[in-house]
Amino acid sequence: MKNAKKHLLVAILPFLVVACGPKWKEAEKEGYKLVENTDGATLGYAPESGIQILTVDRFAFKDLNKNGTLDPYEDWRLSVEERATDLASKMTVEQIAGLMLYSAHQSIPGGGNRFFGPVTYNGKPFEESGAKASDLSDAQKIFLKDDNLRHVLITSVQTPGVAAQWNNNAQAFVEGIGMGIPVNTSSDPRHGSDSYAEFNAGAGGRISMWPSSLGIAASFDPALMQQFGDIASKEYRALGIATALSPQIDLATEPRWSRFDGTMGEDPKLATDMARAYVEGFQSSDDGGWGYQSVNAMVKHWPGGGPEEGGRDAHFGYGAYAVYPGNNLKDHLKPFTEGAFKLKGATGMASAVMPYYTISTGRDTVNGENIGNAYNKYLITNLLREKYGYDGVVCTDWGITRDVSSVYVFEGKPWGVENLSVAERHYKIIEAGCDQFGGNNDMDPVIEAYQMGVKEHGEEYMRKRFELSAVRLLKNIFRTGLFENPYLDVATTEATVGKPEFMAAGYQAQLRSVVMLKNQGNVLPMKEKKKVYVPQRFVASSKNWFGIATPERNEVPFNMDVIIKYYDVVEDPSAADFALVGIENPNGGVGYEVSDSEEGGNGYVPISLQYGPYTATFARDSSMAGGSPMEDFTNRTYKGKTFLASNTTDLDLVKDTKKIMGEKPVVVLVRVSKPMVFAEIEPYASAILVQMGVQDQALMDLVSGKVEPSALLPFQMPADMKTVELQFEDVPRDMQPYVDAEGNTYDFAFGLNWGGVINDDRVKNYK
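Residues numbered from 1 in each chain as written. Predicted model: local features only at pLDDT ≥ 70, side-chain atom pairs only at ≥ 80, totals over all residues. Heavy atoms only, no water.

### Regarding the packing of helix 5 (residues 138–145) against helix 6 (residues 160–175)
Note the threshold: Every angle, taken between N-to-C directions, lies between 0 and 180 degrees, and every axis is a line fitted to C-alpha atoms, over only the stretch in contact when it is a helix. The helix and strand labels rest on DSSP assignments: H or I over at least four residues marks a helix, E over at least two residues marks a strand, and numbering proceeds from the N terminus. When describing relative orientation, an angle under 35 degrees is termed roughly parallel and one over 145 degrees roughly antiparallel, while 65 to 115 degrees is termed roughly perpendicular and anything else oblique. Crossing handedness is defined as follows: a turn of the near helix away from the far one that is anticlockwise and smaller than a right angle gives a left-handed crossing, while the clockwise case is right-handed. We call two residues contacting when some pair of their heavy atoms lies within 4.5 Å.
It is at 10 Å that the axes of helix 5 and helix 6 come closest, and there the two elements cross at 40°. Accordingly, the angle class assigned to the pair helix 5 and helix 6 is oblique. Of the two elements, helix 5 crosses helix 6, and the hand of that crossing is right-handed. Here Gln 140, Lys 141, Leu 144 and Lys 145 of helix 5 lie close against helix 6, whose contacting residues are Trp 166, Phe 173 and Val 174.

So, in structure tokens, the structure goes:
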């Protein structure tokens, strides 16, 4: 009997082990270990971090704080709310202060520049250090460890594989520190198109290439925008990016604004539908909810950065003011409140919001403060949080707490609170209802702000206030699965980012983003193998925001290796069947010139949307806003002043080409980043196509007739600069549009196909 029991035990032992043993298994990966729970979460951890795996109820959990017990925040079976609340309650003030930081721009590997300073590895520049491209820089180690920072903004990466390995290095570095909070990496939009690149349906790339958001909006198809978000989010997560500092859903009601091309156009309904689709695509995993393919969307810029006075941008003090001559804040809120905050999928609403730098003049109806949006308690607490019920993360735009010395230098952007100290600015932002400081690697001013709050309100109040922000921030990290497995398989990353089907989808979107404005005599499509003349384009010298100069040059505006696959290129115009002219919209300046100030003016000049000289005869006698402490006047008018676009030679190029081609067709392809006055060039063009960031190959597929144009204008093209000056910065579609020689009006929702003016369901729905 005893032997029988023994044999029975031996027989059933394997089944008992299966039934009662651990419900997880572990596998070795390159640089980390992967733990798979049966019917549970997959965990990833680095052995060098020192954390252990706990087995509770036969499941595996990460002991992130190394206390030997399963804390609620470590229990992946609990809700995100429970876990975030538990962890926030356990964190020190210093740890929460670090969580409230969002790093300055980080390239991989780091190189540094005049504005952001030098980047070192073991005390040496990268090239001299012997470090790998995926290693952490000295500064990164400091702000991750000493400042408790966990939100990192990355810019350029050497390769997708390097980005993945850097992610793993960063996650292993922080995993063993404090509470084991993972890094939440973010990115500005990175899916733009290289115009010179060639597309091959069977080939991949560094990352899929798409038109700008404005270009996708020109499709008038929210489903296309959602497809972009779905694909881009998969590539982001493969790069280690769990938060997108996008979409930019500012309503583009001011045509002169330099950030117009990052928007989704000027129409409230179209922009709202596109904003919702973008966020849905980024945040929803394959099952429609949060998951390992989800990317937090940080919609920007609350309450809408579009109505900049005179089109001047708020990255500089000369553009600090948004104005509302039409008293129309409501339209600017719609892409947020009716789009990004009302998703159809399970993620519900955009997980983060970024206010713009601007002072939304006269909008604070409670306190009457004219200060930068992130400092304004009415805009953040009363309007965003209380009226519209938003309880996600609010993160300031980058660098708003730093000092600034003049209205025309690229430094800090503390508009309206220039007189406060750096710590006082942090405190005012916290009191306004924000959770996070963009572009700040330093914990100290956040701690100072905490102490100010303790002095004013007491310790209990400030601790509760900090925990409130901590919970919001932590929820976005929990939702995306980073606490369970923040590690990447480098080979999978390299196979995912820029995979052929993603490249193909982006290319198809490019084809759907190009608007045909003119096709006189149906000169397009132009049959392949005809002879084409392509004149060179002169590009004037310029400086970017950081003061880095680009010398003047002559350039061929297209990749001729692409052009010759469609047409026979000839250098003699008389031998050509048609001309192909590539230009850009007028570069009409930023609205401020130091030289004007030095000559006794106020520094303010017009921003022009035309190539030829423009005199601001119809500008306001007095600006609607002003009063910077860096200026001794309040009237920023530029009335009567004249400005000439830096690329006026583009106009000359079109006119000269028409002259030498005579009656032969002149096809003009214009890269537009904002509206422009077509009256100057339309009479000299046989056909006009406008594009918002596509490959030359896509343009040739359209010109040659391989694909029919289908896009529509997501904004108006003005008849002249008078209508630009008389329109209201805050009101959409209030300009007189240009009417061409064929009687077509370049209005919102206008576009041509081979059959003429498009008048389909998209036009009926949105116009």
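### Re the pattern of salt bridges
Note the following rule: Only one rule defines a salt bridge in this text: a Lys or Arg side-chain nitrogen within 4 Å of an Asp or Glu carboxyl oxygen. Burial classes follow relative accessibility: with a 1.4 Å probe on protein chains only, a residue under 20% of its type's maximum area counts as buried, one over 50% as exposed, and anything between as partly exposed.
Counted according to the given criterion, the structure contains 40 salt bridges. A salt bridge links Arg 537 to Glu 584, with the nearest nitrogen and oxygen atoms 3.8 Å apart. Remark: Glu 584 occurs in strand 28 (residues 578–584) and Arg 537 occurs in strand 23 (residues 537–539); sequence separation between them is 47 residues. Notably, a salt bridge pairs Lys 641 with Asp 596, separated by 2.8 Å at the nearest N-O pair. Of this pair, Lys 641 sits in the loop between strand 29 (614–615) and strand 30 (642–643) while Asp 596 is found in helix 18 (residues 594–598), placing the two residues 45 residues apart along the sequence. This pair shows no difference in class: Lys 641 is buried, exactly as Asp 596 is. By sharing partners, the salt bridges in this structure join Arg 537, Arg 553, Glu 555, Glu 584 and Asp 650 into a single network.

### Brief notes about the layout of surface pockets
For the record, the criterion: Using protein atoms alone on a 1 Å grid, points that fit a 1.4 Å probe yet trap it form a cavity, whereas open point sets bounded by protein on both sides within 12 Å along at least five of seven lines form a pocket; residues with an atom within 4 Å of a point count as lining. Grid points are joined across faces, edges and corners, and a volume is the space filled by probe spheres set on the points. Each residue is assigned to one class: nonpolar for Ala, Val, Leu, Ile, Met, Phe, Trp, Tyr, Cys and Pro, charged for Asp, Glu, Lys and Arg, and polar for all the others, Gly among them.
By volume, the second largest pocket amounts to about 450 Å³. Taken together, 20 residues form the lining of the second largest pocket, with Arg 237, Ala 238, Tyr 292, Tyr 487 and Leu 488 sitting closest to its centre. Every element with two or more residues in the lining of the second largest pocket is listed here: strand 2 (32–37), helix 8 (222–239) and helix 15 (490–496). Residue composition of the lining of the second largest pocket, grouped by class: nine nonpolar, seven polar and four charged.

### Quick notes on empty space enclosed by the protein
As enumerated under the stated definition, the model contains five cavities of 30 Å³ or more in all. The computed volume of the largest cavity comes to approximately 120 Å³. Taken together, 14 residues make up the lining of the largest cavity; nearest its centre are Glu 309, Gly 310, Arg 620, Tyr 638 and Glu 729. A per-class count over the lining of the largest cavity returns two nonpolar, five polar and seven charged.

### Quick word on the pairing of strand 2
How we decide: For two strands to be treated as a pair, DSSP must find no fewer than two bridges joining them.
With five of six residues buried, strand 2 is to be regarded as a mostly interior element. Bridging between strand 1 (residues 24–29) and strand 2 involves six bridges; their strand directions are antiparallel. Note that in strand 2 the partner of Glu 28 across the bridge is Lys 33. Between strand 1 and strand 2, which pair antiparallel and follow one another directly, the connecting turn spans two residues, one of which, Gly 31, has a positive phi of 90°.

### Focus: the nonpolar core
Grouped burial of nonpolar side chains is what soluble globular proteins tend to show. The following threshold applies: Residues grouped as a nonpolar core are buried Ala, Val, Leu, Ile, Met, Phe, Trp, Tyr and Cys residues, joined through side-chain atoms within 4.5 Å.
Within the largest apolar cluster, 146 residues are counted, with the highest numbers of intra-cluster contacts made by Trp 302, Phe 466 and Leu 474. Judged by nonpolar contacts, the second largest core, of 66 residues, contains Leu 517, Val 532, Val 562 and Phe 678.

### With respect to the confidence of the model for the protein chain
Counted only if it meets this: Confidence scores per residue from the predictor, reported as pLDDT, run from 0 to 100.
On average, residues of the protein chain score 95 in pLDDT, and 96% of them reach the 70 mark or higher. Confidence over residues 8–18 falls short of pLDDT 50; this stretch has two contacts with residues more than four positions distant or in other chains.

### A few points about the packing of helix 2 (residues 80–90) against helix 14 (residues 459–479)
At a minimum axis separation of 8 Å, helix 2 and helix 14 run at an interaxial angle of 135°. In terms of orientation, helix 2 lies oblique with respect to helix 14. Remark: the crossing between helix 2 and helix 14 carries right-handed chirality. On the side of helix 2, the interface is formed by Val 80, Glu 81, Arg 83, Ala 84, Thr 85, Leu 87, Ala 88 and Ser 89, while helix 14 contributes Arg 463, Glu 467, Ala 470, Val 471, Leu 474, Lys 475, Phe 478 and Arg 479.

### Some words on helix 13 (residues 444–457)
In plain terms, the rule: Multiply 1.5 Å by the residue count of a helix minus one, and that product is the helix's expected span.
If you check helix 13, its first and last C-alpha atoms are 20 Å apart, about what 14 residues at 1.5 Å a residue would give, namely 20 Å. Those residues of helix 13 hidden inside the fold are in contact with helix 3 (93–99), strand 6 (101–102), helix 12 (422–432), strand 20 (437–438) and helix 14. Following helix 13 by one or two positions, Gly 458 has its phi on the positive side, about 100°.

### Notes on the environment of Ala 131
Relative to the assigned elements, Ala 131 resides in the loop between helix 4 (126–129) and helix 5. Considered as a pair, Ala 131 and Val 556 are 425 residues apart in the sequence and their alpha carbons are 39 Å apart. The contacts of Ala 131, once residues within four sequence positions are left out, are Tyr 121 and Phe 126.

### A short note on the state of the cysteines
Quick reminder of the rule: By definition, disulfides here are pairs of cysteine sulfur atoms that lie within 2.5 Å.
Applying the stated criterion across every chain yields a total of zero disulfides. Counting only cysteine sulfurs, Cys 434 is the nearest neighbor of Cys 395, a cysteine outside any disulfide, at a range of 8.4 Å.

### Some words on the sheet that holds strand 14 (residues 241–244)
Overall, parallel pairing links the seven strands, which are arranged 7-12-13-14-15-17-19 in an open sheet. Each edge of the sheet is formed by a strand with only one pairing partner; in this case those strands are strand 7 (106–108) and strand 19 (393–394). Alignment of strand 12 (residues 151–157) against strand 13 (residues 184–187), held across four bridges, turns out to be parallel. If you follow His 151 over to strand 13, its bridge partner there is Asn 184. Packing against the sheet, helix 6 makes contact with strand 7, strand 12 and strand 13, and its axis sits at approximately 155° to strand 12.

### Let's talk about the sheet that holds strand 2
Backbone-to-backbone hydrogen bonds pair the strands of a sheet. The strands run either parallel or antiparallel. Here three strands make up an open sheet; going across it, the order is 1-2-3 and the pairing antiparallel. Of all the strands in the sheet, the pair left with one neighbour each is strand 1 and strand 3 (42–45). The mean angle between the axes of side-by-side strands here comes to 20°, regardless of whether they run parallel or antiparallel.

### Observations concerning the packing of aromatic side chains
The description of two aromatic rings rests on the distance between their centres and on the angle between their planes. Spelled out, the test is: Each Phe, Tyr or Trp ring, with Trp reduced to its six-membered ring, pairs with another whose centre is within 6.5 Å; inter-plane angles below 30 degrees give stacked pairs, above 60 give edge-to-face pairs, and intermediate values give tilted ones. Either the NZ atom of lysine or the CZ atom of arginine qualifies as a charge over a ring when it sits within 6 Å of the ring centre and within 35 degrees of the ring normal.
The final tally for this structure, using the stated rule, is 34 aromatic pairs. Taken together, the ring pairs connect Phe 316, Tyr 318, Tyr 408, Phe 410, Tyr 592, Tyr 604 and Phe 633 into an aromatic cluster. It is Lys 413 that lies over the ring of Phe 410; its NZ or CZ is 4.1 Å from the centre. Sitting over the face of the ring of Phe 502, Lys 499 holds its NZ or CZ atom 5.2 Å from the ring centroid.

### Section: the pairing of strand 32 (residues 687–691)
Two faces, one strand: in a regular strand the side chains alternate between the faces of the sheet. Counting buried residues in strand 32 gives five out of five residues, a clear majority hidden from the surface. Alternating positions in strand 32 separate into two faces, Ala 687, Leu 689 and Gln 691 on one and Ile 688 and Val 690 on the other, with burial throughout. Both strand 31 (residues 666–671) and strand 32 contribute to a ladder of five bridges, which runs parallel. Looking across to strand 32, one finds that Arg 671 is bridged to Gln 691.

### Here we look at the environment of Ser 608
Where we set the bar: In protein, a polar contact requires one atom able to donate a hydrogen and another able to accept it; more generally it is a pair of N or O atoms within 3.5 Å, and residues adjacent in sequence count only if both atoms are side-chain atoms.
One can find Ser 608 in the loop between helix 18 and strand 29. With relative accessibility at 1%, the residue Ser 608 sits in the buried group. Not counting chain neighbours up to four residues away, the residues in contact with Ser 608 comprise Pro 586, Gly 588, Tyr 614, Phe 643 and Met 721. Within the structure, the side chain of Ser 608 is placed 3.1 Å from the backbone nitrogen of Gln 610, a separation counted as a polar contact.

### A word on the side chain of Ser 360
In this fold, Ser 360 is placed in strand 18 (residues 359–360). For Ser 360, the side chain forms a polar contact with the side chain of Asn 373, separated by 2.8 Å. Beyond its immediate sequence surroundings of up to four residues, Ser 360 is in contact with Pro 303, Ala 322, Tyr 324, Asn 370, Ile 371, Asn 373 and Leu 379.

### A look at helix 2
Turning to helix 2, its buried residues number three or more, namely Arg 83, Ala 84, Asp 86, Leu 87 and Ala 88. Along its buried surface, helix 2 packs onto helix 3 and helix 14.

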